[in-house]
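The primary structure of each chain is shown beneath.
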Amino acid sequence: MIFESGPWKQQLLRDAGTLKSMSKVPLGENNEDALLARLERLIFVGAYSMRKLHESGKLSTDWTKVKLSCSRFEFIGQSAPTVLDSHKIETLYDPLQSFRREDPMRRIL
């Protein structure tokens, strides 16, 4: 439960700015792993924060109506991914067979 939402919301705004600036940095061999790890962390922690703020009644309900356009990739694995093979994403999903789909942000978080 989040009692004081101000610091959480301020951090979300700072992280949004960081994500925006990161989107302009070209990926290269020297920075790809670090950038992708940072991107993953920012998105994961941001989504968690928004979900907890929503559960605490600290967010407007307007954000639940926002739809995000997401890329989905065709599953080509033999069985559902497990903890032991989830790092082998290229053997589980085909990066060349993607399609776009709009999902409500609430479903994604």
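Since we're looking at a predicted model, the values are computed, not measured.

Caption draft 1: Structural detail: the overall build of the protein. Scanning the protein from N- to C-terminus turns up 4 helices and 2 strands. Going from the N terminus to the C terminus, the protein shows its helices and strands as α-α-β-α-β-α. Against the compact-globule benchmark of 13 Å for 109 residues, the protein has a radius of gyration of 17 Å, which places it well outside the compact range. Dimensions of the protein, computed from the C-alpha atoms along their principal axes, are close to 45 × 30 × 25 Å. By residue count, 19% of the 109 residues in the protein fall in the buried class. Surface exposure of the protein reaches about 8,600 Å², of which carbon and sulfur atoms provide 57%. Seen as two clouds, the 17 positive and the 14 negative side-chain charges of the protein have centres 10 Å apart.

Caption draft 2: Quick peek at the environment of Ala16. Its place among the elements puts Ala16 in helix α1 (residues 6–22). Here Ala16 falls in the partly exposed class, since its relative accessible area comes to 43%. For the pair formed by Ala16 and Ile43, sequence separation is 27 residues and the distance between their alpha carbons is 9.2 Å.

Caption draft 3: Local environment of a nonpolar patch on the surface. Taken together, the side chains of Leu27, Leu36, Leu39 and Ile43 present a nonpolar region at the surface, about 330 Å² in accessible area. By the secondary structure assignment, Leu27 is in the loop between α1 and α2 (32–55).

Caption draft 4: Main features of the packing of aromatic side chains. If you walk through the whole model with that rule in mind, you get 1 aromatic pair. Here Phe75 and Tyr93 contribute two aromatic rings whose centre-to-centre distance is 5.4 Å and whose plane-to-plane angle is 65°, an arrangement assigned as edge-to-face. With Phe75 in strand β1 (residues 67–75) and Tyr93 in strand β2 (residues 93–104), the pair connects residues that are 18 residues apart, well separated along the chain. Residue classification places Phe75 among the partly exposed residues on the basis of a relative accessible area of 35%.

Caption draft 5: Quick peek at the pattern of salt bridges. The final tally for this structure, using the stated rule, is 6 salt bridges. When the shortest N-O distance is used, the salt bridge between Glu55 and Lys52 registers 3.1 Å. Within this pair, Glu55 and its partner Lys52 are both found in helix α2, separated by 3 residues, close to a single helical turn. Note on Glu55: relative accessible area 47%, which makes it partly exposed. With a closest N to O distance of 2.4 Å, Arg72 and Asp103 form a salt bridge. With Arg72 in strand β1 and Asp103 in strand β2, this residue pair connects regions lying 31 residues apart in the sequence. Residue classification places Asp103 among the buried positions, given a relative accessible area of 2%. Because the salt bridges share partners, they merge into one network encompassing Arg72, Arg101, Asp103 and Arg107.

Caption draft 6: Geometry of α1. Over its 17 residues, α1 extends 24 Å from the first C-alpha to the last, a length consistent with the 24 Å expected when each residue adds 1.5 Å. Within the span of α1, buried status applies to Asp15, Thr18 and Met22. When α1 is viewed along its axis, its buried side chains cluster within an angular range of 55° and face the same direction. Opposite the buried face of α1, at more than 90 degrees from it, the exposed residues are Leu13 and Lys20.

Criteria and cut-off values
Residues numbered from 1 in each chain as written. Predicted model: local features only at pLDDT ≥ 70, side-chain atom pairs only at ≥ 80, totals over all residues. Heavy atoms only, no water. Helix = DSSP H or I, 4+ residues; strand = E, 2+ residues; numbered from the N terminus. Rg over C-alpha atoms; globule rule 2.2 N^0.38 Å. Buried < 20%, exposed > 50% of the residue type's maximum accessible area, 1.4 Å probe, protein only. Areas by Shrake-Rupley, 256 points an atom, 1.4 Å probe, with all protein chains shown as cover. Lys, Arg positive; Asp, Glu negative; His and termini not counted. Charge placed at Lys NZ, Arg CZ, Asp CG, Glu CD. Patch = residues over 30% accessible without salt bridge, like charges linked within 9 Å, V, L, I, M, F, W, Y side chains within 5 Å. Salt bridge = Lys/Arg side-chain N within 4 Å of Asp/Glu carboxyl O. Phe/Tyr/Trp six-rings, centres within 6.5 Å; stacked < 30°, edge-to-face > 60°. Expected span 1.5 Å × (residues − 1). Arc of directions from axis to C-beta.

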